[in-house]
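Observations on the three-dimensional arrangement
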Amino acid sequence: MTHIDAGAELDPVHPVPPPQGRATGLTAAEVAERVSRGEVNDVPVRSSRSLGEIVRANVFTRFNAIIGVLWVIMLFVAPIQDSLFGFVIVANTGIGIIQEWRAKKTLDSLAVIGEAKPTVRRDGGATEISASEIVLGDLVELGPGDKIPVDGEAVETDSLEVDESLLTGEADPVVKKPGDRMMSGSFVVAGGGAFTATKVGREAYAAQLAEEASRFTLVHSELRTGISTILKYVTWLMVPTSIGLVISQLVVKDDNFKESIAYTVGGIVPMIPEGLVLLTSVAFAIGVIRLGRQQCLVQELPAIEGLARVDTVCLDKTGTLTEGGMDVTELRPLNGGDEAYVRKVLGALGESDPRPNASLQAIIDSYPDSEEWRCTESLPFSSARKYSGASFSEGDGTTSTWLLGAPDVLLPDGDPSLAEIEELNQQGLRVLLLARAAGNDLDDPDVAAQAEASALVVLEQRLRPDAADTLRYFAEQDVAAKVISGDNAVSVGAVAGKLGLTGAENTVDARKLPTERDGMAQALDEHTVFGRVTPQQKRDMVGALQSHGHTVAMTGDGVNDVLALKDADIGVSMGSGSEATRAVAQIVLLNNSFATLPSVVAEGRRVIGNITRVATLFLVKTVYSVIIALLVVCSQVEYLFLPRHLTLLSTLTIGIPAFFLALAPNKERAKPHFVRRVMRYAIPGGVIAGVATFVTYLLARHHYEGAGAREAETSAATLALFLIAMWVLAIIARPYTWWRICLIGAMGLGFLLVLTVPWLQDFFQLKLVGTTMPWAAVGIAAVASLAVEIVYRWVDRRFPA
């Protein structure tokens, strides 16, 4: 007999195959021979890209190529001070490579911990091996929730149903019989069996698909896509502006070619937001490392970002709010049933299932098997049907057929036992009904219609000790929690109530939910706890919530959760869950701790919120650099800055602060429209800073004359730009904390040291001359900073994020 907690919707019945004639699988010698021929499932490790790929991805970028060429030019035509930007890029690239390599090692080690171990039959015995050790011709055993690792041909089947929807799109499970094709990438939803591997390694149907599914990547990320869009616009702006700047500087400085080149490069380099991509990669990589320390495997990197955007999390009660194990607390015979006989029935049901679920395992632990009973036919459990069944030949030669499942499904409406069951459910207890079928034909779709109730099996579920705190965290973070379970609605509500979930008292029986999407979405918005939910309904609920604009995360550990996990924006599986759920989930909690979820949410919010902050800093610099270059081209004056000046400004107002801000805590829920949110600040801030700086420079050109005038003009313009950029930093750093105030103060102190320490003055070629122009620069910067503040506040009101 087979009793499986699965999401199957078909109800096949097959005789249980006799143990004799059982295939023994390959011998050790045959395995060694196949290994020597290379007939091994040698699919490479999928969790991350290689060190070579990491180096190439961080080194060979479009902007690194541009900066590299400019750096080489500067090394030949200018002092080393003007080549500092090149060393900064080398250091940044190195940091990016190191952090991603650390993230790769974290992912690889976690992938090994979380790797499913297929069971193969060799020399007549079953043994667990790594999927990469399967050889051609191996006999692979299957059970509920197992993912099929390689292509093959079914040899043994026991009510075996396989879901191939991830490969074919076909939603209904496929009944498999001996000789049928088995496709890698599909998974078992009911029954069991064994198949022979006919294609392994890269020849298997889903090998390449599986390899790409878990790759360390930033694709399909709104953040990454937004940054790419911004960089594309920057390139379009940079190319014509740079050409104009080169021409104008060669014309203006026709008497000094090398100095002309130095100032031209000084105008081009700051247009490139080279650190933005680096910081994004570093922030994600550090997120992976931080979560890895908590035994959280991020199978798809954008999942960190996605969970930060979640506003609704759907929780499966069993395995999420409750622990996997259960205890039988009471057995109540019904209709004058003999308790000793009922115990024999339950013992037979438990013993005949080789892979029991949590409910049946509790029954097995409580009731021993009756050896004289023999199972002749089985009906596997399905979450759609809510019960299982088996036919037995009893020791005295009589036959009987029994059903075990949900009382409110097996009993007719109005049955007096339902009131008794309701009382138990209100205490948060789980109740199963044992019923004797009127006929012996399990294949009859109406087999439950005339079943006679024999006993109630009362089970107590173990609440996760961390569940209440986690639900409280979601409530505080404005994330709606929806408990969606296949169990009785009242029982589910009682469990949720014990955990303090708001709205747990108003439970909904999913069988009464509207079938149309809008009606279902309305019910989901209004209620919190849902019971008697079928696997297809779980999937429909996710779709209904998404249709109302919600970003949905789904947690689960059973094979009946796979369809909903696959359709949710973010799927979260427990490490102890079925192989199928771990395969489709983006995040796997290897320690099976629901309490890890807040850490994942917090990590995602930190990454998204902080990258939005620092992106504004980088792009303000790009905008003001373009504005200054355009004004220089139009007015035909010498460019304001040497590369060393902008390297100093970028380091103090962007580079160092951005690194700290990108890694700081941030609990704000991520919001959509990344590009719009960043550019609404970057454009006006950059325009004001560029215009104010250029005005300061023009005033300085009229104020200073004679030797040293060029240095004095640049110093005044640099002072004005630094003060404005610092004010932008001060705005971006809000709300203030002690360390953010110290960070801003330290950057200001660094610039003050450059202006006052003689050797730093010479190194950076910065020296304020007189008092009139420096104070004029401060005044212009103060007006510009006030304008930035006013414009930013107006933007917040006029274009809310």
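Above this text sits the structure in question.
Here is what the cut-offs are and how they apply
Residues numbered from 1 in each chain as written. Predicted model: local features only at pLDDT ≥ 70, side-chain atom pairs only at ≥ 80, totals over all residues. Heavy atoms only, no water. Helix = DSSP H or I, 4+ residues; strand = E, 2+ residues; numbered from the N terminus. Contact = heavy atoms within 4.5 Å. Areas by Shrake-Rupley, 256 points an atom, 1.4 Å probe, with all protein chains shown as cover. Lys, Arg positive; Asp, Glu negative; His and termini not counted. Charge placed at Lys NZ, Arg CZ, Asp CG, Glu CD. Core = buried A, V, L, I, M, F, W, Y, C linked by side-chain atoms within 4.5 Å. Buried < 20%, exposed > 50% of the residue type's maximum accessible area, 1.4 Å probe, protein only. Axes fitted to C-alpha atoms, helices over the stretch in contact; angles between N-to-C directions. Parallel < 35°, antiparallel > 145°, perpendicular 65-115°, else oblique. Nonpolar A, V, L, I, M, F, W, Y, C, P; charged D, E, K, R; others polar. 1 Å grid on protein atoms, 1.4 Å probe; cavity = no way out; pocket = protein on both sides within 12 Å on 5 of 7 lines; lining within 4 Å. Points joined across faces, edges and corners; volume = space filled by probe spheres on them. Patch = residues over 30% accessible without salt bridge, like charges linked within 9 Å, V, L, I, M, F, W, Y side chains within 5 Å. Salt bridge = Lys/Arg side-chain N within 4 Å of Asp/Glu carboxyl O. Left-handed = near helix turned anticlockwise from the far one by under 90°. Expected span 1.5 Å × (residues − 1). Phe/Tyr/Trp six-rings, centres within 6.5 Å; stacked < 30°, edge-to-face > 60°. Lys NZ or Arg CZ within 6 Å of the ring centre and 35° of its normal.

Comments concerning the overall build of the protein
In terms of helices and strands, the protein carries 27 helices and 22 strands. Principal-axis analysis of the C-alpha atoms gives the protein an extent of 120 × 65 × 40 Å. A fraction of 75% describes how many contacts in the protein between residues 6 or more apart in sequence connect residues 24 or more apart. A total of about 31,900 Å² of accessible surface is found on the protein, and carbon and sulfur atoms cover 57% of it. In the protein, the 69 positive side-chain charges and the 92 negative ones have mean positions that sit 11 Å from each other.

Overview of unusual backbone geometry
A cis amide bond links Arg734 with the next residue in sequence, Pro735, at an omega value of -5°. In this fold, Pro735 is placed in the loop between helix H24 (709-732) and helix H25 (738-756). Within the chain, Asn335 stands out as a residue other than glycine whose phi angle is a positive 55°. For Asn335, the position within the fold is in the loop between strand S11 (322-333) and helix H11 (339-351).

Description of the nonpolar core
Counting residues in each nonpolar core, the largest one holds 133 residues, and the members touching the most others are Leu307, Ile587 and Phe751. The dominant element in this core, judged by the number of residues it contributes, is helix H21 (residues 597-635), at 17 residues. In this structure Leu307 touches Ala553, Ile570, Ile587, Leu597, Val600 and Val601, once residues within four positions along its chain are discounted. Within the second largest apolar cluster, 25 residues are counted, among which are Ile484, Leu513, Val542 and Met554.

A look at the packing of H21 against helix H22 (residues 643-662)
Between H21 and H22, the least distance of the axes is 9 Å, while the angle of their chain directions is 175°. Overall, the two elements H21 and H22 adopt an arrangement that is roughly antiparallel. Residues Arg606, Asn610, Val614, Leu617, Phe618 and Lys621 of H21 form the contact with H22, whose own contacting residues are Ser650, Thr653, Ile654, Ala658, Leu661 and Ala662. For the contact of H21 with H22, the residue count by class is 7 nonpolar, 3 polar and 2 charged.

Quick word on empty space enclosed by the protein
Taken as a whole and assessed by the stated rule, the structure comprises 3 cavities of 30 Å³ or more. The space that makes up the second largest cavity amounts to roughly 50 Å³. In terms of lining residues, the second largest cavity is bounded by Leu617, Val620, Lys621, Tyr624, Thr653, Ile654, Ala725 and Val728. When contributions to the lining of the second largest cavity are tallied by element, the ones reaching two or more residues are H21, H22 and H24. No other element matches H21, which puts 4 residues into the lining of the second largest cavity. Residues belonging to the lining of the second largest cavity are distributed by class as follows: 6 nonpolar, 1 polar and 1 charged.

Quick word on a nonpolar patch on the surface
Together, Val72, Leu75, Phe76, Ile80 and Phe87 make up an exposed nonpolar region whose accessible area comes to about 500 Å². When residues in the nonpolar patch are grouped by element, the largest group, 3 residues, is from helix H3 (residues 62-77). With respect to the helices and strands, Leu75 occurs in helix H3. Using a relative accessible area of 43% as the deciding quantity, one classes Leu75 as partly exposed.

Overview of the pattern of salt bridges
Oppositely charged side chains may form a pair once their charged atoms are brought near each other. Applying the stated rule across the entire model yields 20 salt bridges. The shortest N-O distance in the salt bridge between Arg290 and Glu603 comes to 3.4 Å. On the criterion of sequence distance, the pair formed by Arg290 in helix H9 (residues 274-292) and Glu603 in helix H21 is long-range, its members being 313 residues apart. Looking at Glu603, the relative accessible area reads 8%, which means it is buried. For Arg343, the salt bridge goes to Glu339, with nearest N and O atoms at 3.1 Å. With Arg343 and Glu339 both in helix H11 and 4 residues apart, this pair spans about one turn of that helix. The partly exposed category is assigned to Arg343, whose relative accessible area is 37%. Judged by its relative accessible area of 33%, Glu339 is partly exposed. Among the ionic contacts, a cluster of salt bridges with common partners joins Asp408, Asp509, Arg511 and Arg532.

Looking at the environment of Asp557
Residue placement: Asp557 occurs in the loop between strand S20 (552-556) and helix H19 (562-567). Between the C-alpha atom of Asp557 and that of Lys317, which follows or precedes it by 240 residues, the distance is 9.9 Å.

Details of the packing of H22 against H24
Each pair of packed helices can be summarised by the angle the axes make with each other and by the distance between the axes. For the pair H22 and H24, the least separation of the axes is 9 Å and the interaxial angle reads 15°. Judged by the angle between their axes, H22 and H24 are roughly parallel. Crossing of H22 against H24: the hand is right-handed. In contact with His645, Leu646, Leu649, Leu652, Thr653, Pro657 and Leu661 of H22, H24 contributes Thr714, Thr718, Leu721, Phe722, Ala725, Met726 and Leu729.

What to know about a negative patch on the surface
On the surface, a cluster of negative charge is contributed by Asp441, Asp443, Asp444 and Asp446. The residue Asp441 is located in the loop between strand S15 (430-436) and strand S16 (452-463) in this model. You can call Asp441 partly exposed: its relative accessible area is 44%.

Section: helix H18 (residues 535-547)
An α-helical turn contains 3.6 residues, so a residue and the one three or four places further along point in the same direction. In a regular helix each residue adds 1.5 Å, so 13 residues correspond to 18 Å; H18 covers 19 Å between its end C-alpha atoms and thus fits that length. Residue Gly549 follows H18 closely and has a positive phi angle near 85°.

Re the packing of aromatic side chains
With the rule as written, the count across this model stands at 11 aromatic pairs. When the ring of Phe694 is compared with that of Tyr697, the centres are 6.3 Å apart and the planes differ by 45°; the resulting orientation is tilted. A residue pair is termed a helical-turn pair when its members lie 3 or 4 positions apart in one helix, as Phe694 and Tyr697 do in helix H23 (residues 674-703) at 3 residues. Like Tyr697, Phe694 is buried. Aromatic side chains Phe763 and Phe764 sit 5.1 Å apart centroid to centroid with 80° between the ring planes, which places their arrangement in the edge-to-face category. Note on Phe763: relative accessible area 26%, which makes it partly exposed. For Phe764, a relative accessible area of 10% corresponds to the buried category. Residue placement shows Arg680 over the ring face of Tyr681; its charged tip is 4.6 Å from the ring centre.

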